[in-house]
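# Examination of the molecular architecture
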Amino acid sequence: MVTIKTEEEIELLRENNLLVSATLAEVGKHIAPGVTTLELDAIAEEFIRSHGAVPGFLGYGGFPNTLCISVNEQIVHGIPSSYALKEGDIVSVDCGTVMKGFYGDSAYTFAVGNVDPQVAKLLQVTKEALYKGVAQAKAGNRVGDIAAAVQGHAEANGFSVVRELVGHGLGRDMHEDPEVPNYGMRGRGPLLKEGMVICIEPMINLGRKHVVFEEDGWTVRTADRKPSAHFEFAVAIRKGGADVLTDFGIIEKAIS
Ligand code: MG
Ligand code: MG
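Residues numbered from 1 in each chain as written. Chains lettered and ligands numbered in written order. Predicted model: local features only at pLDDT ≥ 70, side-chain atom pairs only at ≥ 80, totals over all residues. Heavy atoms only, no water.

## Re the packing of aromatic side chains
Put simply, the rule reads: Under the pairing criterion, centres of Phe, Tyr and Trp rings, with the six-membered ring standing for Trp, must be within 6.5 Å; the plane angle then separates stacked pairs below 30 degrees from edge-to-face pairs above 60, leaving the rest tilted. Numbered from the N terminus, helices here are DSSP runs of H or I no shorter than four residues, and strands are runs of E no shorter than two. Summary of the burial criterion: residues with accessible area below 20% of their type's maximum are buried, those above 50% are exposed, and those between are partly exposed, where the area comes from a 1.4 Å probe applied to protein chains only.
Overall, the coordinates contain eight aromatic pairs when judged by the stated rule. Relative to Tyr 103, the ring of Tyr 60 has its centre 6.4 Å away and its plane inclined at 80°; by these criteria the two rings are edge-to-face. Residue Tyr 60 is located in the loop between strand 1 (54-55) and strand 2 (67-71), and its partner Tyr 103 is located in strand 5 (residues 102-111); the two are separated by 43 residues in the primary sequence. Classification of Tyr 60 as partly exposed rests on a relative accessible area of 31%. The class for Tyr 103 is buried, based on a relative accessible area of 13%. Among the aromatic side chains, those forming a connected cluster through ring pairs are Tyr 108, Phe 110, Tyr 131, Phe 231, Phe 233 and Phe 248.

Structure follows, in structure tokens:
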């Protein structure tokens, strides 16, 4: 069931997603060769709790940590570990919060130092694909308009779109209806209505689209072990366009 949020609820969702953005900025400041993904997780948990919220992923479906941290060929749902980041890695950090009864959920893929030019292009194109999707997220359009925009941009640049994992509605639950795939056809799928809040989260692979679900029960990686990028915005649907609840500006300021 798709829920329509009141203005008050949208502001609570904005508060959560701005805290997620600030957390990702804090994590981003610490991303460097030699840092372990568990260290990043601890920084995020401390930051979220010190701002009066609770980590949204910790314990969700049994997930053991605050952040999903997915390095290189890992697409999403990576479990923080003693792995130390290396120059040239890319690291997708997905973060959730719960505060005042609502969830925040956003993700950003960071480069560790200098990365291969083709990998840098993957990051750039995935972020652009997110923005192209967001441009379609307005009342009167359909979910397929978002999906087709994301897929079109990724594939036009020679990359591929993960099929098994999709965006979603966001509210009192982290995963609400509708599903928001990153592939599909314009004009198809559920109608977007004013007051819906959705997460748009392209997962784009440098190589082929196929994925493997690892035996840890969480991590999803590319079948060909080529890198994958992931960027996620929470947006409220308005008549004139998307009201973006996530702020990449503070993340990019923190890492520049
Ligand atoms: Mg997420
Ligand atoms: Mg999400």
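## Some details on the pairing of strand 14 (residues 233-237)
Rule in force here: Pairing between two strands is assigned when DSSP locates at least 2 bridges connecting them.
Burial analysis of strand 14 places five of its five residues in the buried class, the great majority of the element. What you see with strand 14 is no split at all: Phe 233, Val 235 and Ile 237 on one side and Ala 234 and Ala 236 on the other are buried throughout. One ladder, built from four bridges, connects strand 9 (residues 197-200) with strand 14; its direction is antiparallel. Bridge pairing links Cys 199 to Ala 234 in strand 14. Note: strand 14 against strand 15 (residues 242-244), three bridges, orientation antiparallel. Each bridged residue has a counterpart across the sheet, and for Ile 237 the counterpart in strand 15 is Ala 242.

## Some remarks on the sheet that holds strand 12 (residues 220-222)
Remark on secondary structure: sheet strands pair via backbone hydrogen bonds, oriented parallel or antiparallel. Note the following rule: Interaxial angles span 0 to 180 degrees and are taken between N-to-C directions of axes, which are lines fitted to C-alpha atoms, for helices over the stretch in contact.
Strand order in the open sheet formed by three strands is 3-12-11, and the pairing between neighbours is antiparallel. The open sheet terminates on both sides in strands that have one partner only, identified here as strand 3 (74-76) and strand 11 (211-213). For this sheet, the mean inter-axis angle between neighbouring strands, taken without regard to orientation, is 40°. By the bridge criterion, three bridges tie strand 11 to strand 12 in an arrangement that is antiparallel. Opposite Val 211, over in strand 12, you have Thr 222 as the bridge partner.

## A look at the packing of helix 3 (residues 117-135) against helix 4 (residues 143-156)
Applied cut-off: Orientation categories follow fixed angle ranges, with anything under 35 degrees roughly parallel, anything over 145 roughly antiparallel, 65 to 115 roughly perpendicular, and all other angles oblique. A clockwise turn of the near helix away from the far one marks a right-handed crossing, whereas an anticlockwise turn of less than a right angle marks a left-handed crossing. The contact rule is simple, with two residues in contact once any of their heavy atoms fall within 4.5 Å. Three classes are used: nonpolar for Ala, Val, Leu, Ile, Met, Phe, Trp, Tyr, Cys and Pro, charged for Asp, Glu, Lys and Arg, and polar for all others, with Gly counted as polar.
Closest axis-to-axis distance for the helix 3/helix 4 pair is 8 Å, and the angle between their directions is 155°. On the basis of their axis angle, the class for helix 3 and helix 4 is roughly antiparallel. Where helix 3 crosses over helix 4, the two elements pack in a sense that is right-handed. Counting all contacts with helix 3, which are made through Val 125, Glu 128, Ala 129, Lys 132 and Gly 133, the residues of helix 4 involved are Ile 146, Ala 149, Val 150, His 153 and Ala 154. For the contact of helix 3 with helix 4, the residue count by class is six nonpolar, two polar and two charged.

## With respect to the environment of Thr 36
Examined against the element boundaries, Thr 36 turns out to sit in the loop between helix 1 (7-30) and helix 2 (37-50). Since its relative accessible area comes to 16%, Thr 36 is described here as buried. Residues Thr 36 and Lys 86, spaced 50 residues apart in sequence, show a C-alpha to C-alpha distance of 9.5 Å. Excluding residues within four positions of it along the chain, Thr 36 makes contact with Ser 81, Ser 82, Tyr 83 and Ala 84.

## Considerations on the coordination of the magnesium ion (ligand 1)
Basically, it comes down to this: Here a donor is any nitrogen, oxygen or sulfur atom (N, O, S) within 2.8 Å of the metal, with 3.2 Å used for Na, K and Ca; water is not among the atoms considered, so some sites may look incomplete.
Here the magnesium ion (ligand 1) is held by the protein donor atoms Asp 94 (OD), Asp 94 (OD), Asp 105 (OD) and Glu 232 (OE), which lie 2.0 to 2.5 Å from it. Between the two metal centres, the magnesium ion (ligand 1) and the magnesium ion (ligand 2), the spacing is 3.1 Å, with Asp 105 acting as a shared donor. Here the residue Asp 94 occupies a position in strand 4 (residues 90-99), and Asp 105 occupies one in strand 5, the gap between them amounting to eleven residues. The pair Asp 94 / Asp 105 is uniform in exposure class, with both members buried.

## Quick look at the sheet that holds strand 7 (residues 167-169)
With antiparallel pairing, five strands are arranged side by side in an open sheet as 8-7-9-14-15. The open sheet has two free edges, formed respectively by strand 8 (176-180) and strand 15, since each of these has just one partner strand. Taken pair by pair, the neighbouring strands of this sheet meet at an average axis angle of 30°, ignoring direction. With two bridges connecting them, strand 7 and strand 8 associate as antiparallel partners. Looking at strand 8, one finds that Gly 167 is bridged to Val 180.

Bear in mind that shape data such as this cannot, by itself, settle questions of function.
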